[in-house]
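Breakdown of the fold
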Amino acid sequence: MIDRRGFGKVLGLTTGAATVSVTGLPGLPVAQPAAAAPRDAAAGKHTGFPRLKRIRAGLLDVGYAELGPAHGPAVVCLHGWPYDIHGYVDVAPLLADQGYLVIVPYLRGHGTTRFLSARTFRNAQQSAIALDVIALMDALKIERAVLAGFDWGSRTADIVAALWPERCTALVSVSGYLITDREAQLAPIAPRAEHNWWYQYYFATERGRRAMEDPDLRHDLTRFVWETVSPTWDFDDATFERTAAAFGNPDYAAVVVHNYRWRLGLADGERRYDGLEQRLAGRPTIGVPTITLDPERDPFTAPGGGSAYRDRFTGAYEHRTLTGVGHNVPQEAPTTFARAVVDADRLGQGQLTVK
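Keep in mind that this is a model prediction, so the values were computed, not measured. (Residues numbered from 1 in each chain as written. Predicted model: local features only at pLDDT ≥ 70, side-chain atom pairs only at ≥ 80, totals over all residues. Heavy atoms only, no water.)

With that out of the way, let us pick up empty space enclosed by the protein. The full count for this structure, using the stated rule, is three cavities of 30 Å³ or more. Here the largest cavity is characterised by a volume of approximately 80 Å³. Leu-60, Val-62, Leu-78, Pro-105, Tyr-106, Leu-107, Arg-108, Ile-129, Asp-132, Val-133 and Leu-136 are the residues that line the largest cavity. A total of four residues in the lining of the largest cavity trace back to one element, the largest contributor, which is helix 3 (residues 126-139). Residues that form the lining of the largest cavity fall into these classes: nine nonpolar, no polar and two charged. (1 Å grid on protein atoms, 1.4 Å probe; cavity = no way out; pocket = protein on both sides within 12 Å on 5 of 7 lines; lining within 4 Å. Points joined across faces, edges and corners; volume = space filled by probe spheres on them. Helix = DSSP H or I, 4+ residues; strand = E, 2+ residues; numbered from the N terminus. Nonpolar A, V, L, I, M, F, W, Y, C, P; charged D, E, K, R; others polar.)

As structure tokens, then:
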């Protein structure tokens, strides 16, 4: 999930955000600058990907879906917690129809992705996950790509865009700038905001770790999170179960628990990532062309129309608020998300005009 401290800092802000003029492309309707339809006709159209692939990349054997022409411009779509690649099951075909090569990997600890060595620490600190994406792009011989993500995927895409901008054509980031500031995470925030982060504190306990290791409790916990953070999404049991299968990865509990404990300063990372984490602690700006998306019905979306993080994006930029949409933006509103990817790419090519 997203960064608790960033949410708490912006309670009460009400300023607006920049918009962009857009024009239509065949097959995708034009998105309105500050709204998205509560129901998306493309949502739920697909139940799976044609086939999954695997490739060795860095510390992992990565499971991933691939759609679209092999030589098309690349888009890497990154999921979050508690989600998996099915978050993009309707987005990927839309982008493939536009001529993009779409890569949707399982993050470490999820689905068919496996660590190559049993001796590798099941680390989920932010820089380690970002390096997984760089390793995957290297293995697939993708020099540059549009990076698009939500939740953990937003954070990971933000980090790649900030530290390796030469690998990022453009960025689509749900909830904006999510690079974790561990020092800021130590300070308490307003009680109503703290309430939203119950699962982070739960995972900080032995009780929470055991719940994540228990298949039945893990199933019910993650289902409850889906219902809570996407209150307008009428998903069925089959939709959840397709994603929940990815939580059976033998490293899932270890990776998830470490991620949240590391963020709160309750677990160490690895020294080999210290240099990267020091750079990220400085909240580096992102200069690549970016579209940020704030889902209006997501309990983690702060008021202010993206104003809390606007200064972190220094390149061509647009912000969109999505009316009636919850946390899992690509699966709840796939057409809107795909539209943002296409528009971000065109923003990078100077084909959109910032108002």
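Attention now goes to the packing of aromatic side chains. Where two aromatic rings form a pair, the distance of their centres and the angle of their planes describe that pair. For the structure on display, the rule yields 26 aromatic pairs. The rings of Trp-81, Trp-152, Trp-197, Trp-198, Tyr-199, Tyr-202, Phe-203, Phe-224, Tyr-260 and Phe-300 are connected pair by pair, giving a single aromatic cluster. (Phe/Tyr/Trp six-rings, centres within 6.5 Å; stacked < 30°, edge-to-face > 60°.)

Here helix 10 (residues 237-244) has its buried residues at Thr-239, Phe-240, Thr-243 and Ala-244. An end-on view of helix 10 places all buried positions within 130 degrees of arc, on one side of the element. Looking at the buried residues of helix 10, the elements they touch are helix 9 (215-229) and helix 13 (329-332). (Buried < 20%, exposed > 50% of the residue type's maximum accessible area, 1.4 Å probe, protein only. Arc of directions from axis to C-beta. Contact = heavy atoms within 4.5 Å.)

Of all seven residues that make up strand 8 (residues 168-174), six are buried, and the element is covered over most of its length. Where strand 7 (residues 145-149) lies against strand 8, five bridges are found, and the strand directions are parallel. Its bridge partner lying in strand 8, Ala-145 is registered against Cys-168. A crossover connection joins strand 7 to the parallel strand 8 through helix 4 (residues 152-163); in handedness this β-α-β unit is right-handed. (Pairing = 2+ DSSP bridges. Right-handed = clockwise from strand over helix to strand, strands pointing away.)

Should pLDDT be low for a region, the predicted coordinates there are not to be read in detail. Taken residue by residue, the chain gives an average pLDDT of 90. The fraction at 70 or more is 88%. Here strand 1 (residues 20-21) is the element of the chain with the lowest mean pLDDT, 30, and strand 4 (residues 74-78) is the one with the highest, 99. Low pLDDT (under 50) marks residues 4-25, which in the prediction has 72 contacts with non-local residues, meaning those over four places away or in another chain. Long-range and interchain partners of residues 30-37, a stretch whose pLDDT sits below 50, account for 23 contacts in this model, where long-range means more than four residues apart. (pLDDT = per-residue confidence, 0-100.)

This paragraph deals with the nonpolar core. Ranked by size, the top nonpolar core spans 105 residues in total, and within it Trp-81, Leu-95, Leu-171, Leu-293 and Phe-337 carry the most contacts. In this structure, Leu-293 is in contact with Val-172, Ser-173, Val-174, Ser-175, Gly-176, Arg-320, Leu-322, Val-329, Phe-337 and Ala-340, ignoring residues within four places of it in sequence. (Core = buried A, V, L, I, M, F, W, Y, C linked by side-chain atoms within 4.5 Å.)

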